[in-house]
Each structure stands twice: as C-alpha cells, then as structure tokens.
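Inside the fold
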Amino acid sequence: MKKISILGATGSIGTQAIEVLKNNRDRFELESMSIGRNTTRLHEILASVTPKMVSVMDDGDRKSLEARYPTITFVSGEDGLQAVAADDSDMLLTAVMGSIGLPPTLTAIENGKDIALANKETLVAAGEIVMDKAREHDVQIIPVDSEHSAIFQCMRGESPSEIKRLIITASGGSFRDLSRDELHDVTLADALNHPNWAMGRKITIDSATMMNKGLEVIEAKWLFDLEVDRISTLLHRESTIHSMVEFVDNSIIAQLGNSDMKGPIQFAFSHPERLAMDNPLDFDTLTQLNFKPMDFERFRMLKLAYEAVEIGGTMPAVMNASNEYAVDRFLKGEISFLDIEKIVELRMNGHEVIDEPDLETILYYDEIFKSDMR
Ligand code: NDP
Ligand code: MG
C-alpha cells in the first residue's frame, strides 16, 4: 500500500484526489491531510476515509473536531501543515492554493517524500530552491497540473537532449472571446465561469487573466529544466490536447484526454504504472481541434510572467505574491478585472530585484507583496 497525504483536501484538486484514493483502495491509503476552514466538507470526507491526522487552519475548529473524532489526531495552523508534511506517508499531494504551500513542500522533501505537485505557486516563487532540495534528497516531483502531467507523459522514454521545445496549450479562460476593450465591464461572476474546467476560484481567475499560463511556463522551466525560450504557449479552446513536446527532428508528441483532473492526479499517484480509469475521450463527439497563436498584447499577464522569469531573482516570487493579493481583492469585489494586471505590473515595476535569494528572502517578499504593507 502506498501511503498518501494531501495538503488542501477540501479544495477542487483535493476533492478529486480523495475520489481517486477511494477508487483505488487496494493501492493507496490516506495517511493524513490538511484543510483550511471548510469543516462541512471535512465531515463529508471523514464519512468515507479515516486518516491518522488532520490539520485545520483554526485552533478553535481543532478543539471541536477532537471531541467528535477521538481516533484522529488534529493539529492546526502553519504548524499543522508542517506536521502533515512530516508524517509517515510515501507521497504528499500539495493542493493548497498559493505560496502557503512552499514551507510544507520543502519539509516533505527533507523527509524524503515524493511530491505530487498541484500547487504551482510554490515552484514559481522558489523553483530553484525546491528542485535543488529534491535532487539533494533524491525525491521525485511528479506534476499534477494537467499541462505538466501531459509533458511528463510525452517525455517518458525520450532523451531530454532531443527536446526542441514544450508547447503548453491554453483554453483561453472565461474571456477568450472578448477584446481588451470588452474587459472593462466584466464581472466576478463572468470571470468565475470557466468554459472547460471546474476549478478553485483563484486558478479560475488566473485562467481568465492568462496569469495561470504564465505561472505554468515558470513551473515547466523548473520541472523540466529548460529555459523559457524553449517553452511556448498555444491557444487551444477544446483543452483536449493537454500539452505537447516537439523534438529536434520536428516530431511532436501530444497527450490527449477529457478535462478531468482525476487523470493527472491518479497518474501522479501510480507513476510509473498506469491504472484503469473511467471517462475516456469519445471520438464520436469530438469532431475538431482548434489552435490559435497566443496574443501577448491581449493577454498581457503572460508577457509579464515571461519578463519576470527573464529578470529572475526575487521577481517571480514578487509577481506571484502580487497576483495572489490582486486576485484576492478581485474575489472580494474590491477591484475590477483589469485592475489585477495593473496591480501586478505596478508592484513588479517598483521592486528592486535581489539575485539568488535564499528561502528567507523569498518568504519575506512573499509576505510583503501579498499584503497592503508594501
Ligand atoms: P481550491 O481553492 O479549490 O482549494 C484550496 C485548498 O487549500 C482548500 O483545501 C483550502 O481549504 C486550502 N487552503 C486555502 N488557503 C489555505 C491556507 N491559508 N492554509 C491552509 N489551507 C488553505 O484550489 P484548487 O484545488 O483549485 O487549487 C489548488 C492548487 O492546485 C493551486 O495551486 C492551483 O493552481 C493548482 N491547480 C488546480 C487545478 C484545478 O483543477 N483546480 C488544476 C491545476 C493546478 P478550505 O477550502 O477548507 O478553506
Ligand atoms: Mg494547468
């Protein structure tokens, strides 16, 4: 039995991961998990699985849960996340939202656990530190993000030296058919209405701004050890091709499937094996695949992300934290959709980059730029 723990079990990825575990009870068991504040969902999860330990955000929640579930150990706060990261599992699925996932991911690596990585913000903020630590402790980082899972699958058995470039596909998000002018009046409800994927609120907004693709380019740089000039993006509205790899002989390998995150989650858990699944691609209803070159003027956030990674140092972490801050304000109804990119750009422009930052420096800027304090 492979023991798996989950950070962010109540989220979109976390919920689907629990389904994958339940569908493969002979293979995987849930060792421990963390949630934020959604205790209603937690009760539903605990009706069908019994982990040894659960971390919650609030200490008040911890106390009431302890009384209700005496066989489970409850922990809380950031220490709670650390406790889950340091448990006895073989693999940690990082599915919290945002750079809060960085410290526990590093702890899990130090404890020799393989990482199933959904939490892309961790690699954007501190990719070099995370990947160096993974090499040092000989742990595998298996991507869960669908594009990166696709690339990982396309590269199995291929020589990295024969790769010409990665082609990351992008659905275009909720506003893909609107011009920039038409973005002035869009609402939060419009932005949360993603055409292809049902995901958490923050990543759904990131998809609409195209920052999600920017984060994914940086994520791919670190996961696959490639410079970003060899990582391209392509609009593909069906999201059927999850991504592709082009090799030096111009041959391209693509991975296709339905828009169902259970595929990449299960593959990360079972790798190097493949396990059977339901929900296959149906070629009776799939009649065409469309492609369009990425428009960097229309989707300026993607351009910003390429700039951030070219500048390097603390800039990607600052971009990520500024984006988390701005998206949070948009989700609260405090700013308009186009204000998100204005805030990110302004904050990046005002930042004096520190080269080769250590973890403390990254966490310091992460905190500052995620707040109003800046
Ligand atoms: P959700 O918002 O649906 O879930 C986030 C999870 O993190 C919830 O369990 C939430 O707890 C918990 N959480 C949030 N803030 C904190 C905090 N401060 N401390 C502890 N726990 C916290 O996000 P998604 O599942 O959509 O995304 C998770 C990650 O996976 C993101 O990095 C995203 O980019 C990535 N990803 C997601 C995809 C998707 O399809 N959803 C696809 C590819 C990548 P609670 O709800 O209990 O408060
Ligand atoms: Mg993705």
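Computed from a prediction, not measured in an experiment: that's the story for all the values here.

Attention now goes to the UniProt feature "binding site: Mn(2+)" (unreviewed entry) in the chain. Per the UniProt record, the feature "binding site: Mn(2+)" (unreviewed entry) sits at Asp 145, Glu 147 and Glu 216. The largest pairwise C-alpha distance within this set of annotated residues, which runs over 72 residues, is 8.3 Å, so the set is compact in three dimensions. Setting aside its immediate chain neighbours within four residues, Asp 145 contacts Ala 118, Lys 120, Glu 216 and Glu 219. Relative to the assigned elements, Glu 216 resides in helix H10 (residues 211–224). Each residue touching Glu 216, except ones within four places of it in the same chain, is listed here: Lys 120, Asp 145, Glu 147 and Ile 168.

With that settled, the discussion passes to the UniProt feature "binding site: NADPH" (unreviewed entry) in the chain. The positions UniProt marks with the feature "binding site: NADPH" (unreviewed entry) are Thr 10, Gly 11, Ser 12, Ile 13, Gly 36, Arg 37, Asn 38, Asn 119, Glu 121 and Gly 200. Within the secondary structure layout, Gly 36 lies in the loop between strand E2 (28–34) and helix H2 (39–46). Residue Gly 36 is classed as buried on the basis of its C-beta count, with 20 C-beta atoms lying within 10 Å. What Gly 36 contacts, discounting residues up to four positions off in sequence, is Thr 10 and Met 57. Of note, Gly 200 is situated in the loop between helix H8 (188–191) and helix H9 (201–209). Owing to 18 C-beta atoms within 10 Å, Gly 200 belongs among the partly exposed residues under this scheme. Setting aside chain neighbours within four positions, we find Gly 200 in contact with Gly 11, Ser 12 and Met 97.

The next point concerns the sheet that holds strand E10 (residues 241–247). Pairing within the open sheet is mixed, and its 5 strands lie in the order E11-E10-E8-E9-E12. Of all the strands in the sheet, just strand E11 (252–256) and strand E12 (292–293) have a single pairing partner and so form its edges. Against the sheet, helix H7 (residues 146–154) makes contact with strand E8 (163–170), E10 and E11, and its axis sits at roughly 40 degrees relative to E10, the strand it touches most. Against the sheet, H10 makes contact with E8 and strand E9 (231–235), and its axis sits at roughly 150 degrees relative to E8, the strand it touches most.

This paragraph deals with the site of ligand 1. Around ligand 1 sit 29 residues, and of these Gly 11, Gly 36, Asn 38, Met 199 and Gly 200 come closest. Taken together, the residues that form the shell around ligand 1 break down as 13 nonpolar, 10 polar and 6 charged. Viewed by domain, the shell around ligand 1 spans two of them, domain 1 (2–143) and domain 2 (158–259 + 282–311), each represented by three or more residues.

Another point: the nonpolar core. Counting residues in hydrophobic clusters, the biggest one holds 96 residues, and the most contacted among them are Ile 6, Ala 17, Leu 93, Ala 116 and Ala 305. Of the residues forming this core, the biggest block, 9 residues, is contributed by helix H13 (residues 315–331). Taken domain by domain, the makeup of this core includes at least three residues from each of domain 1 (2–143) and domain 2 (158–259 + 282–311). If we ignore the near neighbours within four places in the chain, the residues touching Ala 116 are Met 91, Leu 93, Ile 142, Val 144, Ala 268 and Phe 269.

When pLDDT is averaged along the chain, the result is 97; 99% of the residues meet or exceed 70. As scored by the predictor, the complex reaches a pTM of 0.98 and an ipTM of 0.99.

For the rest of this paragraph, the subject is the sheet that holds strand E1 (residues 2–7). Read across the open sheet, the 7 strands follow the order E4-E3-E2-E1-E5-E6-E7; overall the sheet is parallel. Edge positions in the open sheet fall to strand E4 (73–76) and strand E7 (141–143), since each of these has one partner strand only. Sheet twist, expressed as the average angle between the axes of neighbouring strands with direction ignored, equals 25 degrees. Relative to strand E5 (residues 91–94), E1 runs parallel, the two sharing 4 bridges. Bridging from a neighbouring strand, Ser 5 pairs with Leu 92 of E5. Packing of helix H3 (residues 59–68) onto the sheet brings it into contact with strand E3 (53–56) and E4, and relative to E4 it is tilted by some 170 degrees.

Calculation notes
- Residues numbered from 1 in each chain as written.
- Chains lettered and ligands numbered in written order.
- Predicted model: local features only at pLDDT ≥ 70, side-chain atom pairs only at ≥ 80, totals over all residues.
- UniProt positions renumbered as here; feature names shortened; annotations may be inferred.
- Contact = placed C-beta atoms within 7 Å.
- Helix = DSSP H or I, 4+ residues; strand = E, 2+ residues; numbered from the N terminus.
- Buried ≥ 20, exposed ≤ 12 C-beta atoms within 10 Å, placed from the backbone.
- Pairing = 2+ DSSP bridges.
- Axes fitted to C-alpha atoms, helices over the stretch in contact; angles between N-to-C directions.
- Near = placed C-beta within 6 Å.
- Nonpolar A, V, L, I, M, F, W, Y, C, P; charged D, E, K, R; others polar.
- Domains from an automatic or database assignment.
- Core = buried A, V, L, I, M, F, W, Y, C linked by C-beta atoms within 7 Å.
- pLDDT = per-residue confidence, 0-100.

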